[in-house]
Structure formats: structure tokens, C-alpha cells
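Residues per chain are reported as follows:
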Amino acid sequence: MTNRDKYEKIFQNIFGVGSERLNSKFTFKNVEKWDSLTHLTLISELEETFDVIFETNDILHFGGYMNGIEILKKYGINFED
């Protein structure tokens, strides 16, 4: 399973959506279910899956599906398939 597959699966499980919804428009502003609790759950799952610990600034600015990929790349996670 690729890193992108793992990443996508986390979003699918937490938000209960199909992969067709996961794009640049999938942001906390556009997803009703994305509240503070789901945000913390998302961060926790990502940290555990990718064995990283996000800096506070990255947690605060993790606002969307595509944005999250860029943040994880800062931690050395490769998303090239």
C-alpha cells in the first residue's frame, strides 16, 4: 500500500467519504463533519500511521486534504507513486 493509499484511507475512515470526494476542495471550510474533534482524530491517525509528530503550527494549518500532503512531505513522507 502506497503512502497516498494510506493517507486516503485515513480520510475515508474518519470522514466516511469515497475517494472521489478527496481533492483540493476537501477542506475544513467545506466539510461539515470536520470539527475540532475530527481534526484531532485525523492528526492522531496520521501521526501514528506515518510515525511523525506534527509541530503545533502544522496542526493548526492542516486545513485540507491536499494541504495535508504538503505538510507530510515536510516530514519526509513521499507521495510519489
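This text follows the structure it describes.
What you see is a predicted model, and the numbers here were worked out from it, not measured in a lab. (Residues numbered from 1 in each chain as written. Predicted model: local features only at pLDDT ≥ 70, side-chain atom pairs only at ≥ 80, totals over all residues. Heavy atoms only, no water.)

A. Quick peek at the side chain of Thr38. By the secondary structure assignment, Thr38 is in helix H2 (residues 36-50). Using a relative accessible area of 12% as the deciding quantity, one classes Thr38 as buried. Within the structure, Thr38 has its side chain in polar contact with the backbone oxygen of Lys33 (distance 2.8 Å). Of the polar contacts made by the side chain of Thr38, one reaches the backbone nitrogen of Asp35; its length is 2.8 Å. In contact with Thr38, other than residues within four places in its own chain, are Ile14, Phe15 and Lys33. (Helix = DSSP H or I, 4+ residues; strand = E, 2+ residues; numbered from the N terminus. Buried < 20%, exposed > 50% of the residue type's maximum accessible area, 1.4 Å probe, protein only. Polar contact = N/O pair within 3.5 Å; in protein donor to acceptor, adjacent residues only side chain to side chain. Contact = heavy atoms within 4.5 Å.)

B. Spotlight on H2. Compared with an ideal rise of 1.5 Å per residue, which puts 15 residues at 21 Å, H2 spans 21 Å between its outermost C-alpha atoms and is within 8% of the ideal. When we look at burial in H2, the residues that qualify are Thr38, His39, Leu42, Ile43, Leu46 and Phe50. Along H2, the residues classed as buried sweep out an arc of 140 degrees about the axis, all on the same side. In H2, the exposed positions that point more than 90 degrees away from the buried face belong to Leu37, Leu40 and Glu48. (Expected span 1.5 Å × (residues − 1). Arc of directions from axis to C-beta.)

C. Seen up close, the side chain of Thr27. Along the chain, Thr27 falls in the loop between helix H1 (3-15) and H2. For Thr27, a relative accessible area of 18% corresponds to the buried category. If we skip the residues at most four places from it in the chain, Thr27 touches Trp34, Gly63 and Gly64.

D. Region of interest: the packing of H1 against H2. Where H1 meets H2, the closest approach of the two axes is 10 Å, and the angle between their N-to-C directions is 150 degrees. The orientation of H1 relative to H2 falls into the category roughly antiparallel. In this structure, H1 meets H2 at a crossing whose hand is right-handed. Seen from H1, the contacting residues are Asn3, Lys6, Tyr7, Ile10, Phe11, Ile14 and Phe15; seen from H2, they are Thr38, Thr41, Leu42, Glu45, Leu46, Thr49 and Phe50. Split into classes, the residues belonging to the contact of H1 with H2 amount to eight nonpolar, four polar and two charged. (Axes fitted to C-alpha atoms, helices over the stretch in contact; angles between N-to-C directions. Parallel < 35°, antiparallel > 145°, perpendicular 65-115°, else oblique. Left-handed = near helix turned anticlockwise from the far one by under 90°. Nonpolar A, V, L, I, M, F, W, Y, C, P; charged D, E, K, R; others polar.)

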